[in-house]
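# Structural characterization, general
Residues per chain are reported as follows:
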Amino acid sequence: MQRRRQQRRILRAPTMRRRVGSTTATVNVLLLFLITLVSLVTTMFYFHFELLQNLNGYFKNTPPPLYDYNTADQKTGFTKEAAAAKNIVSTHPSNDVLKFDEHVLANIRETYRGARSFTEWAPNADPIGDIGQFQTIPLLATVDRRPIIVRKQLIEDKKNRLNLAANGKLLGCAMTGATFISDLELLELKHYAPTCDVCFQFVNHKDMTDFVPSLGYEVLKPGLQSTAATKCFEGEATVEARFADWQRGDRRFKGSGYQWHVDCALPNGIQELTCREISRMQDDIDLLDDSQKIYFKTKFELDGWFRQPDSDDDESSQKRRFRIYTEWPWTAVMSHDDDRSAIANGLSTSWNDIDSKFVPSNHHEMSLAHVEGPGYDQSEYRGHISLKSMNADKLSKGGIHPRLVSNLFHLIRNAPGSTHMVAVVDGQAQRSYNVMLMLLNTSISDLFKMYGKVFRNVGTLNDQDLIPISSMNPIDVNSSQPSMTLLELLRIRKIKIHMVPIITPSLVFEKTVCGGQYTFTPYLAARYSADYQVIMYIDGDTAMVESSNKRTLNEILYDRFFRQKSSKCAGHRMRLIEQYVKPEYNNNEAVLQCTQNLALDKWQYALKNCHLKEGHIVARTDSVYAFSVHHPDTLDGYLPEGVDDCIPPYSDMEQKAMLRDIKH
């Protein structure tokens, strides 16, 4: 501090001398020059010293990089002081390559702040034991933006000969929400009486009565005493538990819970009940003196097994029916675009309807997203699996796993112009974002020491053509390599990265499969299907798609879905060789070398001798209902004309649904 005060006094001295004046101008000018020179030298030395101090402290306290490189720290631009001042970066600046989904993060915060879930006995249930043995937690909810749900609403509207939807302009809002329920093995899987509602709480009963007059119902307390001036509108509800039966039969998941999904669609023909209008009302709550709160709620019933009071004997358990209620504030449900009429206007009428926004006219125009996650780092705490603490482990990379780099290598080669979506658990989203920034600012020569030369020809990169795997011949580390960063390379290849945080309360992470994977995959379809034409869910490690006639991934998938000789399937599954890359080969060069060997030398051997299983999935977005991990589910009867459900649930897949040119 003393040094800084002295410094400021020196810097002010020339100004003071100019004010005093002097009879000898030459002397003043020389003195001014000398003093300024001294102050500049002093300032430069001071800041140089401070910079060295900061850098030394930064390198001592910053975790080592995720990958084997030495340039990330200089290129990232983070400082020790900035990190200490904020503890964690509170915002997630985006650029033309990286986007962090702030809309979803806002939904998550509102869910923690205002959502709730609880249980109660069903009427005439004859209670026994403790209903609190089943814990319930509200998870992800969103406006339902699936084109197939929009088409379903429109088709059913016309079947009823009502045409209330006005070709989508007055389409009733559709939502979907997930609720975690513990102890799946103590539940019967058949569900009963699902209901759903959207409710509006007003400042007085007159405004409530005037809102959509003669429709909806008023919430009443027992004894028919009116609550706050709240009017609710009931929708059509369905419940989905896609893999509950499979999970309950697997001993690995004993003691786990499950995420139950409720889809909801409000009546058509009422402007106030469109998603666009509900979200507009929510945005105006702070500006107008009429409404106070909007929320989405679901209810359904299950049969559970309850022990007799004061008994530890499972054989004394008896089955009783109970209800599960979940409620989300509308701020937890709103999406980045709630105008579903735009989806209705762009629907495809047939498998090759190029006038639709969901059918590209060629593979260059096709919008493709490949998705992985949710990613996370786990540990063991008190004998149980736990989400790793980012406070305790400063070296953890959160949801950015090492294989992401090799995944990006292949996507840069063969999927130009696409989007790579990375889902991460919300408890590690900030660390994951920071690591991603560091990764993007790393040079290609450091990320891909042996194989980076395939990206040397900038002209080829700009052409957006396939960079074949045959060009991956390794080179000496000291040979000439591209000097660009990963961010610059992704920009040239027009590839974007979209990071999506996923709500994962501690109990849900500890008591579900793969950190809440069965919550994310249906959410993926509901939230993002309207934003792309084809989505590929690649689970963890990416699928490497390589064609003998130099087609990119975009072209291969376009041929499969939209070309005249396509199989016209709603979705495809891929065969993969799981665990071919051994877990101990957890570095970029080993993974890429294994991939190259497999593709060029040993693929036929692997096909004949290795265990093949169904793996990643890909679907056209106008036909997908859910990306159910290894099953691209659809809704038969609501598909565009000519599109087939080639992989019916719980059945053997048909040959035309298997995408065979895929190597893993």
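To be clear, the structure that these remarks concern was listed above.
Below you will find a few notes about this structure.

## Details of the overall build of the protein
Assigned secondary structure in the protein consists of 19 helices and 23 strands. Here the protein, with 664 residues, has 52% of them falling under the buried criterion. Sequence-distant contacts in the protein: of pairs separated by 6 or more residues, those separated by 24 or more amount to 79%.

## Side note on the nonpolar core
By size, the foremost hydrophobic cluster in this structure holds 51 residues, and its most contacted members are Met175, Val198, Phe200, Trp260, Phe296 and Trp330. Looking at this core, the elements that each hand over two or more residues are strand S3 (136-143), strand S4 (174-181), strand S5 (187-202), strand S7 (225-240), strand S8 (258-265), helix H9 (275-283), strand S9 (291-306) and strand S10 (318-329). Every residue in contact with Phe296, bar those within four places of it in the chain, is listed here: Met175, Thr176, Gly177, Cys196, Asp197, Val198, Cys264, Thr326, Glu327, Trp328, Trp330 and Val333. Counting residues in each nonpolar core, the second largest holds 38 residues, with Val422, Val424, Ala429 and Leu487 among its members.

## Things to note about the environment of Arg242
Along the chain, Arg242 turns up in the loop between S7 and helix H8 (244-248). Sequence separation of Arg242 and Asp633 is 391 residues, and the distance between their C-alpha atoms is 9.9 Å.

## Remarks on helix H17 (residues 517-528)
Its 12 residues give H17 an end-to-end C-alpha distance of 16 Å, which sits within 8% of 16 Å, the value for a rise of 1.5 Å per residue. For H17, the tally of buried residues reaches 12 of 12 residues, placing the bulk of the element in the interior. Those residues of H17 lying buried are Gln517, Tyr518, Thr519, Phe520, Thr521, Pro522, Tyr523, Leu524, Ala525, Ala526, Arg527 and Tyr528.

## Some thoughts on the pairing of strand S14 (residues 419-425)
Of all 7 residues in S14, 7 are buried; the element is thus mostly enclosed. Burial of the side chains of S14 extends over both faces: Thr419, Met421, Ala423 and Val425 are buried on one face and His420, Val422 and Val424 on the other. In this sheet, S14 lies alongside strand S11 (residues 368-375) in parallel orientation, the contact comprising 5 bridges. Looking at the pairing, Glu372 lines up with Val422 of S14. Bridge count between S14 and strand S15 (residues 496-502): 7 bridges; the pairing is parallel. Paired with Val424 across the two strands is Pro501, which belongs to S15.

## Overview of the state of the cysteines
Taken as a whole and judged by the stated rule, the model has 4 disulfides. Between the sulfur atoms of Cys196 and its disulfide mate Cys264 the distance is 2.1 Å. Measuring handedness by torsion sign, the sulfur bridge of Cys196 and Cys264 sits at about 80 degrees and is right-handed. Pair noted here: Cys196 is in strand S5 and Cys264 is in strand S8, with a separation of 68 residues, a long-range link. Here Cys196 falls in the buried class, since its relative accessible area comes to 0%. Cys264 gets classed as buried once you look at its relative accessible area, which sits at 3%.

## Side note on the pattern of salt bridges
Considering all chains together, one arrives at 23 salt bridges under this definition. One salt bridge in this structure joins Arg146 and Asp144, with 2.5 Å as the shortest N-O distance. Across the pair, Asp144 and Arg146 agree in class, each one buried. Notably, a salt bridge pairs Lys388 with Asp377, separated by 3.5 Å at the nearest N-O pair. One end of the pair, Lys388, is in the loop between strand S13 (384-387) and helix H11 (403-414); the other, Asp377, is in the loop between S11 and strand S12 (378-381), and 11 residues separate them in sequence. One salt-bridge network, held together by shared partners, links Arg116, Lys293 and Glu327.

## Structural notes on the packing of helix H5 (residues 102-114) against H17
Where H5 meets H17, the closest approach of the two axes is 13 Å, and the angle between their N-to-C directions is 120 degrees. For the element pair H5 / H17, the angle class is oblique. In the crossing of H5 with H17, the sense of the turn from one axis to the other is right-handed. Mapping the contact onto sequence places His103, Val104 and Asn107 in H5 and Tyr523, Arg527 and Tyr528 in H17. Of the residues that constitute the contact of H5 with H17, the class distribution is 3 nonpolar, 2 polar and 1 charged.

## Structural notes on the packing of aromatic side chains
Evaluated as defined, the whole model comprises 25 aromatic pairs. Centroid distance Trp246 to Tyr518: 6.3 Å. Interplanar angle 75 degrees. Geometry classified as edge-to-face. Here Trp246, found in helix H8, pairs with Tyr518, found in helix H17; they are 272 residues apart in sequence, far enough to count as distant. Judged by relative accessible area, which is 9%, Tyr518 ranks as buried. Both rings, one in Phe520 and one in Tyr537, keep their centres 6.4 Å apart while their planes meet at 55 degrees; by these two values the pair is tilted. Taken together, the residues Phe520 in helix H17 and Tyr537 in strand S16 (residues 534-537) connect sequence positions 17 residues apart. Neither Phe520 nor Tyr537 differs from the other in exposure class; each is buried. Linked through ring pairs, Phe243, Trp246, Phe253, Tyr258, Trp260, Phe300 and Tyr518 together constitute an aromatic cluster. Against the face of Tyr295 rests Lys293, its NZ or CZ located 4.9 Å from the ring centre. Sitting over the ring of Tyr192, Arg321 keeps its end group 3.7 Å from the ring centre.

## A short note on unusual backbone geometry
Put simply, Gly373 and Pro374 share a cis peptide bond, and its omega is 5 degrees. Along the polypeptide, Pro374 turns up in strand S11. With a phi angle near 60 degrees, Lys494 is a residue other than glycine that sits in the positive phi range. Relative to the helices and strands, Lys494 is located in the loop between helix H15 (486-492) and S15. The exposed category is assigned to Lys494, whose relative accessible area is 55%.

## What to know about the side chain of Gln153
Among the structural elements, Gln153 can be located in helix H6 (residues 147-159). Within polar-contact distance, the side chain of Gln153 engages the side chain of Arg340 at 2.6 Å. The residues touching Gln153, leaving out its near neighbours within four places in the chain, are Leu171, Gly172, Ala174, Ala265, Leu266, Asn268 and Arg340.

## Structural notes on the environment of Met421
Along the chain, the position of Met421 falls in strand S14. The exposure class of Met421 is buried, given its relative accessible area of 0%. If sequence neighbours within four positions are ignored, Met421 has contacts with His370, Val371, Glu372, His498, Val500, Leu524, Tyr528 and Tyr532.

Cut-offs applied
- Residues numbered from 1 in each chain as written.
- Predicted model: local features only at pLDDT ≥ 70, side-chain atom pairs only at ≥ 80, totals over all residues.
- Heavy atoms only, no water.
- Helix = DSSP H or I, 4+ residues; strand = E, 2+ residues; numbered from the N terminus.
- Buried < 20%, exposed > 50% of the residue type's maximum accessible area, 1.4 Å probe, protein only.
- Contact = heavy atoms within 4.5 Å.
- Core = buried A, V, L, I, M, F, W, Y, C linked by side-chain atoms within 4.5 Å.
- Expected span 1.5 Å × (residues − 1).
- Pairing = 2+ DSSP bridges.
- Disulfide = S-S within 2.5 Å.
- Salt bridge = Lys/Arg side-chain N within 4 Å of Asp/Glu carboxyl O.
- Axes fitted to C-alpha atoms, helices over the stretch in contact; angles between N-to-C directions.
- Parallel < 35°, antiparallel > 145°, perpendicular 65-115°, else oblique.
- Left-handed = near helix turned anticlockwise from the far one by under 90°.
- Nonpolar A, V, L, I, M, F, W, Y, C, P; charged D, E, K, R; others polar.
- Phe/Tyr/Trp six-rings, centres within 6.5 Å; stacked < 30°, edge-to-face > 60°.
- Lys NZ or Arg CZ within 6 Å of the ring centre and 35° of its normal.
- Polar contact = N/O pair within 3.5 Å; in protein donor to acceptor, adjacent residues only side chain to side chain.

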